[in-house]
Amino acid sequence: MTAEAYKQKIDEALEAYFHAEGFPFAPLAESMRYSLLAGGKRIRPMLVLEFCRIAGGDAEAALPVACAVEMLHTYSLIHDDLPCMDNDDLRRGRPTNHKVYGECTATLAGDCLQAEAFGAILRSALPAERKAACAEILAGAAGIDGICGGQYMDMAWEGRELTHEQLNDINNRKTSALLIAACQMGVAAAGGSDAMLDCAARYAAAVGLAFQIRDDMLDVLSTEQELGKPIGSDAQEKKNTFMALYGEEKCAEMVTRLTEAAKEALNEGFSDTDFLCALADSMAVRRS
């Protein structure tokens, strides 16, 4: 299946969630849908479906798991944009959730999306042990040693000059954790082996770090129109980034090296890897 076909399937599945017309909490559901359906590349749910397929599973049956990953990712973006966090006005070329619905509703929309992510997995038709495995993986990515811990570290260490290892610690939680979870949840949804889970994690860790380095590069090299959000904010807010630490040339070299490492890890555990190798290559040169 092509990336575009995967994206269409994922978008259609997400469209079915959170219709609450006539209920008193309908505005909250509208806020959730505003961010959930705002577009994006759908990389994380795509990874769930493709890893499920190459691990011998039914990608169609894993769609709720793929949607769950996107719900959790969307929650993290809504909360990242809040005034108490990054205080951003634009996300994917549109006003951020709190700019449209207010801080209280945006906060609750994020809270609800996180809860509903686990609900989507646990209400799916997958066997019970596979649902439990997927939920456990996602919880690890979302919690204190994942997105939340990484966001805290990012805020707490603002204004300090960080080492490469400290930047990695932040990235491993804020960005890589959910990418690793997406890949491993695809394997878990298929009932894949421990060796497959390990290869999936190594692929995602390399892709995740390359993704973050490329993100830091785009904040300097891209345009607001291409990126869909303000550029130059990292430097303006004196954030620690790989670009600030290494510069463009070194960052580009790191992205290339990590992308190759991701493909090597993938090929150790799976035979049908063309799609995921091409995805890694495309992420390394993305402009948004």
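Residues numbered from 1 in each chain as written. Predicted model: local features only at pLDDT ≥ 70, side-chain atom pairs only at ≥ 80, totals over all residues. Heavy atoms only, no water.

Details of the overall build of the protein
Stated formally: A run of H or I in DSSP counts as a helix once it spans at least four residues, and a run of E counts as a strand once it spans at least two, with each numbered from the N terminus. We compute the radius of gyration from the C-alpha atoms alone; for a globule the expected value is 2.2 Å times N to the 0.38, where N is the number of residues. For the exposure calls, accessible area comes from a 1.4 Å probe over protein chains only, and a residue counts as buried if that area is under 20% of its type's maximum, exposed if over 50%, partly exposed in between. The contact criterion used throughout is that any non-hydrogen atoms of two residues lie within 4.5 Å. Shrake-Rupley sampling with a 1.4 Å probe provides the accessible areas, and residues are treated as covered by the protein chains on show and by no other component. By the counting scheme adopted, Arg and Lys are positive, Glu and Asp are negative, and His together with the chain ends is not counted. Charged side chains are reduced to one point each, which is NZ for Lys, CZ for Arg, CG for Asp and CD for Glu.
Helix and strand counts for the protein come out as 15 helices and two strands. Its C-alpha radius of gyration of 18 Å places the protein within 12% of the 19 Å reference for a compact globule of 288 residues. Overall, the protein is about 50 × 50 × 30 Å in size when its C-alpha atoms are taken along their principal axes. Looking at the 288 residues of the protein, the share that counts as buried comes to 52%. The contacts of the protein with a sequence gap of at least 6 include a subset with a gap of at least 24, amounting to 70%. On the protein, roughly 12,700 Å² of surface is accessible, and the fraction owed to carbon and sulfur atoms is 53%. Positive and negative side-chain charges in the protein, numbering 27 and 44 respectively, have mean positions lying 1 Å apart.

Quick look at the side chain of Thr259
Among the secondary structure elements, Thr259 is positioned in helix α14 (residues 248-269). In this structure, Thr259 is in contact with Ala210, Ala280, Asp281 and Ala284, ignoring residues within four places of it in sequence.

Thoughts on the packing of helix α10 (residues 194-221) against helix α15 (residues 274-284)
We count it as follows: Angles here are taken between N-to-C directions and fall from 0 to 180 degrees, while the axes themselves are lines fitted to C-alpha atoms, restricted in helices to the stretch in contact. Note that the term roughly parallel is reserved for angles under 35 degrees, roughly antiparallel for angles over 145, roughly perpendicular for angles of 65 to 115, and oblique for everything else. Note: crossing handedness is left-handed where the near helix turns anticlockwise from the far helix by less than a right angle, and right-handed where it turns clockwise. Under the scheme applied, nonpolar residues are Ala, Val, Leu, Ile, Met, Phe, Trp, Tyr, Cys and Pro; charged residues are Asp, Glu, Lys and Arg; polar residues are all the others, including Gly.
Closest axis-to-axis distance for the α10/α15 pair is 9 Å, and the angle between their directions is 20°. With respect to α15, the axis of α10 lies roughly parallel. Between α10 and α15 the crossing geometry is left-handed. The segment α10 lies against α15, with Tyr203, Val207, Phe211 and Arg214 engaging Leu276, Leu279, Ala280, Met283 and Ala284. Per-class residue counts for the contact of α10 with α15 are eight nonpolar, no polar and one charged.

Regarding helix α9 (residues 164-190)
For the record, the criterion: Two axes define the bend at a residue: one fitted to the seven residues ending there, one fitted to the seven starting there, and the bend is the angle between them.
Maximal helix bending in α9 amounts to about 50°, located at Ser176. The buried fraction of α9 amounts to 21 of the 27 residues, a majority that puts the element mostly inside the structure. In the segment just after α9, Gly191 is the residue with positive phi, at about 75°.

With respect to the environment of Asp219
Inspection of the secondary structure puts Asp219 in helix α10. Looking at Asp219, the relative accessible area reads 6%, which means it is buried. Put simply, Asp219 and Cys67 are 152 residues apart on the chain and 28 Å apart in space, counted from C-alpha to C-alpha.

Points about unusual backbone geometry
Residue Phe18 is not a glycine yet carries a positive backbone phi of 65°. Turning to its location among the elements, Phe18 is positioned in the loop between α1 (3-15) and α2 (26-36).

Regarding the environment of Asp215
The topology assignment puts Asp215 in helix α10. For Asp215 and Ala62, which are 153 residues apart along the polypeptide, the C-alpha to C-alpha distance reads 29 Å.

Describing the packing of aromatic side chains
Counted only if it meets this: Here a Phe, Tyr or Trp ring, Trp counted by its six-membered ring, pairs with any other such ring whose centre lies within 6.5 Å, and the pair is stacked when the planes are under 30 degrees apart, edge-to-face when over 60, and tilted otherwise. A positively charged side chain is recorded as over a ring if its NZ (Lys) or CZ (Arg) lies within 6 Å of the ring centre. The angle to the ring normal must also be within 35 degrees.
Using the criterion set out here, one finds six aromatic pairs in the structure. With 5.2 Å between their ring centres and 20° between their planes, Phe23 and Phe25 make a pair best called stacked. An aromatic cluster of at least three residues, connected via ring pairs, comprises Phe51, Tyr203 and Phe270. Above the ring of Phe211, the side-chain terminus of Arg44 is found at 5.7 Å from the ring centroid.

Here we look at the nonpolar core
Inclusion rule: Only buried residues count toward a nonpolar core. Its members are Ala, Val, Leu, Ile, Met, Phe, Trp, Tyr and Cys residues joined through side-chain atoms within 4.5 Å.
Counting residues in each nonpolar core, the largest one holds 90 residues, and the members touching the most others are Leu47, Phe51 and Tyr203. In this view, Tyr203 contacts Leu47, Phe51, Cys183, Ala262, Ala265, Leu266, Leu276, Leu279 and Ala280; residues no more than four positions away in its chain are not counted.

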